[in-house]
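Take a look at the letters that make up each chain.
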Amino acid sequence: MRNYSTEAEPTTLVGPWLEPLLPELIAFRRDLHAHPELSFKEFRTTDKLARRLEEAGLKPRRLEGTGLTVDIGDGPIATALRGDIDALPIIEETGLPFASKHHGVTHACGHDVHTATMLGAALVLQRMHEESPLRGTVRIIFQPAEETMPGGAQSCIDQGVLDGVPRIFALHCDPRIEVGKIGTRIGAITSASDTIKIELTGRGGHTSRPHLTEELVFALAQIAVNVPAVLSRRVDVRSGVSVVWGHISAGSAPNAIPASGYMAGTMRCLDRDAWHNAGEILDEVIQQIAAPYGVDVHLEHTRGVPPVVNSEHETALIEAAARAEIGEGAVVLTPQSMGGEDFAWFLADLPGAMMRLGTKTPGGEEYDLHRGDYILDERALGLGIKVLTAAALRTLRDL
Ligand code: NI
């Protein structure tokens, strides 16, 4: 049993430290917004971050290509914070004075805010550490290339960014949640999505003599109908596995069996373990369903990312930090998104949590992510820094 102290939780611990830094961090975010960089090309962003962290007396470690990490404090690592730094190949239509100067590239997913949030957390923690040494270390990971597949998470992990890290936190902007609130959820908060492409080949021939051919139109139809049916019986229905075909084509004449056919679709899944199992079952079942018809099956199954699964304790830490830093009503329950996010790879062997950072101005316009006109309420930046820094400080107390 854990003993909870009766001492009141500290409130707005981070606020006074952040206040003098906030104008600079807003300017930093606007500068990133004006100079967005695509996945694995975040050279300017990486340079700017490294320079500012060094100015603060820190020793950032550059990752191969782009991205960096920095450790603040002394001793064992209590937690890591991860922010993604890349932009999207989308034309910006916000009309903002600091709109993208690179036509066709924009921070339409709020990663400029994620980057500035992590920089803010690093600078606040460093100031605290200079005043009175932190009882442990917080590692901040500036991850490149979240928007591509495969993304930058895996290459960061391969370069050892998680060595000695016991837990990790991240955030993502959410234009559907009002600024001043953060969305949390225990368990899966994003989803998995795989792409399936199938090509069938066989001897074509006359429709009057299917026994002398490989009847691949019939085989395509069997796969289309029976793969989703078998998965719905082999995988727990609560995992939300769904196979949906977006393309199917074969043949040209009513009385000719074609020699090739093609179909493609996606498999989505709400649950991490089920996603692993369903992927293997899917490949096996496609082959088995096609086998009796004698057709050759060429299957291209591209695995996406697993869902981000928030652990209970780390989610509670974020919620407690948000209530202390913003107020009692700061935390809202957020639904599981059907989108994918490569933060999931960091959580493969570690507990951790991703929170949704509200960026909607109350009464203001409705926006969505990955849209050229996405304008976020900049007040979210300071709030994100407060909550993640406070969550990290709480983990230092647990060391
Ligand atoms: Ni994103």
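Because the structure is predicted, anything quoted here is derived from the model rather than measured.

Visitor: I tried to follow the overall build of the protein on my own but got confused; where do I start?
Guide: The number of helices and strands found in the protein is nine helices and 16 strands. Here the contacts in the protein between residues at least 6 apart in sequence split such that 81% fall between residues at least 24 apart. Within the structure as shown, the protein displays about 17600 Å² of accessible surface, and the carbon and sulfur contribution to it stands at 52%. Charge separation in the protein, taken as the distance between the mean sites of 37 positive and 53 negative side-chain charges, equals 2 Å.

Visitor: Sorry if this is basic, but what is going on with the coordination of the nickel ion here?
Guide: Ideal values differ by geometry: the angle at a metal is 109.5 degrees with four tetrahedral donors, but 90 or 180 degrees with six octahedral donors. Coordination of the nickel ion by the protein comes from C109 (SG), H111 (NE2) and H172 (NE2), over a distance range of 2.1 to 2.3 Å. Among the residues examined, H172 registers a relative accessible area of 4% and is labelled buried.

Visitor: So what exactly am I meant to see when it comes to the domain arrangement of the protein here?
Guide: Bring the parts together and some accessible area is lost; that lost area is often taken as the interface size. Looking at the protein, the domain boundaries give domain 1 (14-189 + 307-398) and domain 2 (192-305). On the side of domain 2, nine residues touch domain 1, which itself brings 12 residues to the contact. Buried area between domain 1 and domain 2, both sides added, is near 970 Å², and the carbon and sulfur share of it is 67%. Between domain 1 and domain 2 we count zero salt bridges in total.

Visitor: Is there a simple way to explain the side chain of T115 in this structure?
Guide: If you trace the backbone, T115 turns up in helix α4 (residues 111-131). Taking the relative accessible area as the measure of exposure, T115 reaches 0% and is therefore buried. In this structure the side chain of T115 is engaged in a polar contact, spanning 2.7 Å, whose partner is the backbone oxygen of H111. Residues in contact with T115, not counting those within four places in the same chain, are L32, T45, L49, D84, I85 and F142.

Visitor: I keep staring at the pairing of strand β8 (residues 192-201) and nothing clicks. Help me out?
Guide: Taken residue by residue, a regular strand's side chains alternate between the two faces of the sheet. Side chains A192, D194, I196, I198 and L200 project from β8 onto a buried face, and the interleaved S193, T195, K197, E199 and T201 project onto a face without burial. With 10 bridges joining them, β8 and strand β12 (residues 260-269) adopt antiparallel strand pairing. Note on β12: the bridge partner recorded for T201 is S260. With seven bridges joining them, β8 and strand β13 (residues 296-302) adopt antiparallel strand pairing. Bridge pairing in β13 links K197 to E300.

Visitor: Can you help me understand the nonpolar core in this one?
Guide: Side chains of a nonpolar character, in soluble globular proteins, are inclined to be buried together. Ranked by internal contacts, the top residues of the largest apolar core, which has 64 residues, are L81, I140, F142 and I318. Examining the composition of this core, we find that 11 residues originate from one element, helix α9 (residues 379-397), more than from any other. With residues up to four places along the chain from it excluded, the contact list for L81 reads M118, A121, V138, R139, I140, I141, F169, L388 and A392.

Visitor: I would appreciate a short explanation of the sheet that holds strand β2 (residues 68-73) in the present structure.
Guide: Within a sheet, each strand pairs with its neighbour through backbone hydrogen bonds, oriented either parallel or antiparallel. Taken in spatial order, the eight strands make up an open sheet running β1-β2-β4-β3-β5-β16-β6-β15, and their pairing is mixed. The open sheet has two free edges, formed respectively by β1 (61-62) and β15 (331-333), since each of these has just one partner strand. Relative to β15, strand β6 (residues 182-184) is paired through three bridges, and the arrangement is parallel. Following the sheet pairing, G183 is matched in β15 by V332.

Visitor: Hey, could you run me through the sheet that holds β12 in this one?
Guide: Taken in spatial order, the four strands make up an open sheet running β10-β12-β8-β13, and their pairing is antiparallel. Strands with a single pairing partner mark the edges of an open sheet, and in this sheet they are β10 (242-250) and β13. For this sheet the average axis-to-axis angle between neighbouring strands, irrespective of direction, equals 15°. Together, β8, β10 and β12 form the strand contacts of helix α6 (residues 216-234), whose direction differs from that of β10 by roughly 175°.

Here is what the cut-offs are and how they apply
- Residues numbered from 1 in each chain as written.
- Predicted model: local features only at pLDDT ≥ 70, side-chain atom pairs only at ≥ 80, totals over all residues.
- Heavy atoms only, no water.
- Helix = DSSP H or I, 4+ residues; strand = E, 2+ residues; numbered from the N terminus.
- Contact = heavy atoms within 4.5 Å.
- Areas by Shrake-Rupley, 256 points an atom, 1.4 Å probe, with all protein chains shown as cover.
- Lys, Arg positive; Asp, Glu negative; His and termini not counted.
- Charge placed at Lys NZ, Arg CZ, Asp CG, Glu CD.
- Donors = N, O, S within 2.8 Å, 3.2 Å for Na, K, Ca; no water.
- Buried < 20%, exposed > 50% of the residue type's maximum accessible area, 1.4 Å probe, protein only.
- Domains from an automatic or database assignment.
- Buried area = accessible area lost by both parts, 1.4 Å probe.
- Salt bridge = Lys/Arg side-chain N within 4 Å of Asp/Glu carboxyl O.
- Polar contact = N/O pair within 3.5 Å; in protein donor to acceptor, adjacent residues only side chain to side chain.
- Pairing = 2+ DSSP bridges.
- Core = buried A, V, L, I, M, F, W, Y, C linked by side-chain atoms within 4.5 Å.
- Axes fitted to C-alpha atoms, helices over the stretch in contact; angles between N-to-C directions.

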